[in-house]
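# Breakdown of the fold
Residue strings, one per chain:
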Amino acid sequence: MNAFPKDHQAPTTLDALNAWVAEVARLTQPARIQWCDGSDSEYAELIAEMQADGTLLPLNADTHPGSWLHRSDPEDVARVEHLTFVCTSDRDDAGPNNHWMSPADAHAKMDELFAGCMRGRTLYVVPYCMGPIDSPLARCGVEITDSAYVVANMRIMTRMGAAALARIEREGRLHDSGLHNSVFVRGLHSIGELDPDRRFIMHFPEELAIKSYGSGYGGNALLGKKCHALRIASHQARKEGWLAEHMLIVGIENPQGEIHYIAAAFPSACGKTNLAMLIPPQSYREKGWKVWTVGDDICWMRPGADGRLYAINPEAGFFGVAPGTSAQSNPNALESVQSNTIFTNVGVTDDNQPWWEGLDDRVPAKDWQGRDYDKANGPAAHPNSRFTVSARQCPSYSSHAEDPQGVPISAIVFGGRRASLVPLVFEARDWTHGVLIGASMGSETTAAATGAVGVMRRDPMAMKPFCGYNFADYFAHWLSFDKPGANLPKVFHVNWFRKGDDGKFLWPGFGDNMRVIEWMVGRVKGEVGAVDTLIGALPQAEHVNLDGVELSPEARDKLFGFDPDGWRGEFEDIGTFLSGFGPRMPRALLEEHQSKAAAA
Ligand code: GTP
Ligand code: SPV
Ligand code: MN
């Protein structure tokens, strides 16, 4: 029963997988099929092919060994939220937070695009595991793609290859699955013609399937990441009693050697990578504080036997924002990307080193489109230029990131980019209030998605672009974790991005965020103070260690103050947002909000 072109024997005994690959090959008509095993030699061959065809350009091998530059199509530089769909049989299951199409219509539309699209190209079969390969919390998928760039990135970002395939086969045998009932997520991807008018990212959560056409960009094309680990996984997590979140995971080790793990949800390009790799100020390091990186973008967590939430990072690498990364802001990220890194859409210096705005004061030679740098053309690096690098290269990478059972979470942090109103940090009264704070999150849009930048929008739990089902059901799911036997983390909200009247950030941010984290850990342990306000418990400046930080009176006032007049308007806006979800919105959340709004 070998349905593959001769000399491409399928290396799996799993009929469901073989049948699907054969079906896709019939539709897309590739010149050849390559099953990826994840080996070093395979990676080296892929790189060599991409260097030969110009997909990858060499960088300075002395300063950045094993590293490459990819210049994407200039129209293909970010996620495309307006072309991203959740295709459930009932439209209300996708909710007002998603674009929806019926599964039948979406399959028909996509199959038309995919018909014959791989003629003359290689079809790569990419088995991958999201999470430590031996973790019960991990989940597998297979991505079929015609992009070698996607394969190389998937190898860095996931546990890709033979071990994942073995797990898929094992789970497949256990489940004795048929073609449409498989335990692995099936992702089909083609770069197509990279035409923005022939581009769609479709999700079929009821079938554990993804179809993505017309983009090679990270979140649109590395299907293990946002498509699987967030949109499909959030849908599965709701059914199975866990959470798939757009969160970093970081371990904070205090001078006594205790480690508190924090999971934090900030919208795209709002500081997750930076917080995950934070280096504490020198005074903290001298006392013995350490910070351990577990994950920088995605967190899967579920209650353990002791009622605490345990989290894994489903990813194995970082697809991080380059601009703003420097020896001052994020030395761990900078050290991570000194070798074996794929840079996408950065500029280069005259000696061919990768360069981006905020790195240092050198003048770049070429911009991200390969033109001679001219500041009249805009920044040298695209604002959403990225690096792809293995997590193992990060000096602060935690050995516990590989723990199959995950790490216990002490605090959940929500946060966004808010130039005004929202103070530096506050703490939720209880879980329900914490869920409301997450559901009410607002943030200014960034270059991570196409469209206007700097526009304030509601981005609940930083999941607006990523929740694979109706937000009303999602909030109900979050609320449901508060039950007898639960030992839930404390919930906080932070805002590193408050601006002063001069338009400048009032808080130094980055390493100094450690001061806010110390306060949070102190709250978790019941050791530090705060004042109660309508929005939650707010530290006063004296509750936070500000030694060595210079703050103007305006900064103190805005970072640590509560502005009742401003919040009245905010509450009104949140009320309008929540009521937009209609009767599916959980009563407990509406009541929680109404009690605050009434008291405002
Ligand atoms: P995604 O990968 O898109 O999900 O983003 P992310 O949340 O990991 O964002 P990242 O940490 O890469 O930060 C994005 C931008 O925010 C960078 O330009 C950073 O320099 C900037 N940034 C991060 N942390 C801070 C901070 O504490 N203060 C200020 N002012 N800027 C920050
Ligand atoms: C984001 O946009 O939140 C990212 C980058 O982390 S991408 O993987 O492209 O979605
Ligand atoms: Mn992200």
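Residues numbered from 1 in each chain as written. Chains lettered and ligands numbered in written order. Predicted model: local features only at pLDDT ≥ 70, side-chain atom pairs only at ≥ 80, totals over all residues. Heavy atoms only, no water.

### Examining the overall build of the protein chain
- A tally of helices and strands in the protein chain yields 17 helices and 29 strands.
- What you see for the protein chain is a C-alpha radius of gyration of 24 Å, in line with the 25 Å of a compact globule of 600 residues.
- For the C-alpha atoms alone, the extent of the protein chain along its principal axes is close to 70 × 55 × 45 Å.
- Every one of the 600 residues in the protein chain was classed for burial, and the buried ones make up 60%.
- Counting contacts in the protein chain only where the partners sit at least 6 residues apart, residues at least 24 apart contribute 72% of the total.
- With an accessible surface of roughly 22400 Å², the protein chain has 50% of that area assigned to carbon and sulfur atoms.
- Each charge class in the protein chain can be summarised by its mean position, and for the 56 positive and 75 negative side chains these summaries are 2 Å apart. (Helix = DSSP H or I, 4+ residues; strand = E, 2+ residues; numbered from the N terminus. Rg over C-alpha atoms; globule rule 2.2 N^0.38 Å. Buried < 20%, exposed > 50% of the residue type's maximum accessible area, 1.4 Å probe, protein only. Contact = heavy atoms within 4.5 Å. Areas by Shrake-Rupley, 256 points an atom, 1.4 Å probe, with all protein chains shown as cover. Lys, Arg positive; Asp, Glu negative; His and termini not counted. Charge placed at Lys NZ, Arg CZ, Asp CG, Glu CD.)

### Considerations on the environment of R159
- Tracing the chain through its elements places R159 in strand β8 (residues 159-160).
- Sequence separation of R159 and P314 is 155 residues, and the distance between their C-alpha atoms is 9.1 Å.
- Within the structure, the side chain of R159 is placed 3.0 Å from the side chain of E402, a separation counted as a polar contact. (Polar contact = N/O pair within 3.5 Å; in protein donor to acceptor, adjacent residues only side chain to side chain.)

### Points about the pattern of salt bridges
- Summed over all chains, the structure comprises 33 salt bridges.
- Several salt bridges converge on common partners, so that one network encompasses K225, K226, K272, D297 and E315. (Salt bridge = Lys/Arg side-chain N within 4 Å of Asp/Glu carboxyl O.)

### A word on the sheet that holds strand β2 (residues 57-58)
- Spatial strand order, β2-β3-β19-β22-β18: 5 strands in an open sheet with mixed pairing. Both edges of this open sheet fall to β2 and β18 (317-321), since each of them pairs with a single strand only.
- As judged from the 5 bridges shared by β18 and strand β22 (residues 386-390), these two strands associate in the antiparallel manner. Pairing of F319 across the sheet is with T388, part of β22. (Pairing = 2+ DSSP bridges.)

### Remarks on the packing of helix α12 (residues 431-439) against helix α13 (residues 471-479)
- Contact geometry of α12 with α13 gives a least axis separation of 9 Å together with a crossing angle of 150 degrees. Comparing their axes, α13 and α12 come out roughly antiparallel. α12 and α13 meet at a crossing whose hand is right-handed. Residue-level contacts link W431, T432, V435 and A439 of α12 to F475, W478 and L479 of α13.
- Of the residues contributing to the contact of α12 with α13, the split by class is 6 nonpolar, 1 polar and no charged. (Axes fitted to C-alpha atoms, helices over the stretch in contact; angles between N-to-C directions. Parallel < 35°, antiparallel > 145°, perpendicular 65-115°, else oblique. Left-handed = near helix turned anticlockwise from the far one by under 90°. Nonpolar A, V, L, I, M, F, W, Y, C, P; charged D, E, K, R; others polar.)

### A few points about the site of ligand 2
- Within the structure, ligand 2 sits among 13 residues, and R79, Y217, G219, K226 and S268 are positioned closest to it.
- One of the side-chain N or O atoms of R79 is found 2.9 Å from an oxygen atom in ligand 2.
- Against a free-state accessible area of 280 Å², the protein chains account for coverage of 98% of ligand 2.
- If you list the elements that add at least two residues to the shell around ligand 2, you get α7 (218-221) and α8 (224-240). (Near = heavy atom within 4 Å.)

### Digging into the nonpolar core
- Core analysis: the biggest nonpolar cluster contains 150 residues, and I412, F414 and W478 have the highest contact counts within it.
- Residue contributions to this core peak at 8 residues, all from helix α5 (residues 148-157).
- Formed by 37 residues, the second largest nonpolar core is a distinct cluster that contains Y284, I517, V521 and L551. (Core = buried A, V, L, I, M, F, W, Y, C linked by side-chain atoms within 4.5 Å.)

### Structural notes on the coordination of the manganese ion (ligand 3)
- Taken together, K226 (NZ), H246 (NE2) and D297 (OD) make up the full set of protein donors to the manganese ion (ligand 3), lying 2.1 to 2.3 Å away.
- Of note is the manganese ion (ligand 3), whose 6 donor atoms meet at the metal with angles of 70 to 172 degrees in an arrangement that counts as irregular.
- All donors of the manganese ion (ligand 3) belong to a single chain; written as a sequence motif, their spacing is K-x19-H-x50-D. Of this pair, H246 sits in the loop between β12 (243-245) and β13 (248-253) while D297 sits in the loop between β15 (290-295) and β16 (299-303), placing them 51 residues apart in sequence. By the burial criterion, H246 is buried, and D297 matches it. (Donors = N, O, S within 2.8 Å, 3.2 Å for Na, K, Ca; no water. Tetrahedral: all angles 85-135°; square planar, octahedral: opposite > 155°, others 65-115°.)

### Concerning the environment of D73
- Within the secondary structure, D73 sits in the loop between β3 (68-70) and β4 (84-86).
- D73 gets classed as partly exposed once you look at its relative accessible area, which sits at 27%.
- C-alpha of D73 to C-alpha of A333: the two residues are 260 residues apart in sequence and 26 Å apart in space.
- Here the side chain of D73 touches E75 through a polar contact of 2.8 Å, landing on its backbone nitrogen.

### A word on the site of ligand 1
- In the region of ligand 1, 21 residues are neighbours, and A269, K272, T273, N274 and R386 sit closest.
- K272 places a polar side-chain atom, nitrogen or oxygen, 2.7 Å from an oxygen atom of ligand 1.
- F510 is positioned such that a nitrogen or oxygen atom in its backbone is 2.9 Å from an oxygen atom of ligand 1.
- When ligand 1 is considered free in solution it has 660 Å² of accessible area, and contact with the protein chains removes 92% of it.
- The element that contributes the greatest number of residues to the shell around ligand 1 is helix α9 (residues 272-276), accounting for 3 residues.
- When its residues are assigned to classes, the shell around ligand 1 shows 9 nonpolar, 8 polar and 4 charged.
- Looking at which domains feed residues into the shell around ligand 1, each of domain 2 (245-313 + 401-599) and domain 3 (318-393) supplies at least three. (Domains from an automatic or database assignment.)

### Observations regarding the pairing of strand β11 (residues 209-213)
- The element β11 is extensively covered by neighbouring structure, given that 5 of its 5 residues are classed as buried.
- Along β11, one buried face is formed by A209, K211 and Y213 and the opposite face, lined by I210 and S212, is buried too.
- Pairing of strand β10 (residues 200-204) with β11, which is carried by 5 bridges, proceeds in the antiparallel orientation. Among the inter-strand pairings, H203 is bridged to a residue of β11, identified as I210.
- Hairpin connection between β10 and β11: a loop of 4 residues separates the two successive antiparallel strands, and L208 in this loop has a positive phi of roughly 50 degrees.

### Some details on the packing of aromatic side chains
- Under the criterion given, the structure shown has 22 aromatic pairs.
- When the centroid spacing of 5.5 Å and the interplanar angle of 20 degrees are considered together, the rings of W431 and W478 count as stacked. Of this pair, W431 sits in helix α12 while W478 sits in helix α13, and the two are 47 residues apart along the sequence. Take W431 and W478: they sit in the same class, and that class is buried.
- Taken together through their ring pairs, the aromatic side chains of F414, W431, Y469, F471, Y474, F475, W478, F577 and F581 make up a single cluster.
- Here the guanidinium or amino end of R417 rests over the ring plane of F497, the centre of that ring lying 4.2 Å away. (Phe/Tyr/Trp six-rings, centres within 6.5 Å; stacked < 30°, edge-to-face > 60°. Lys NZ or Arg CZ within 6 Å of the ring centre and 35° of its normal.)

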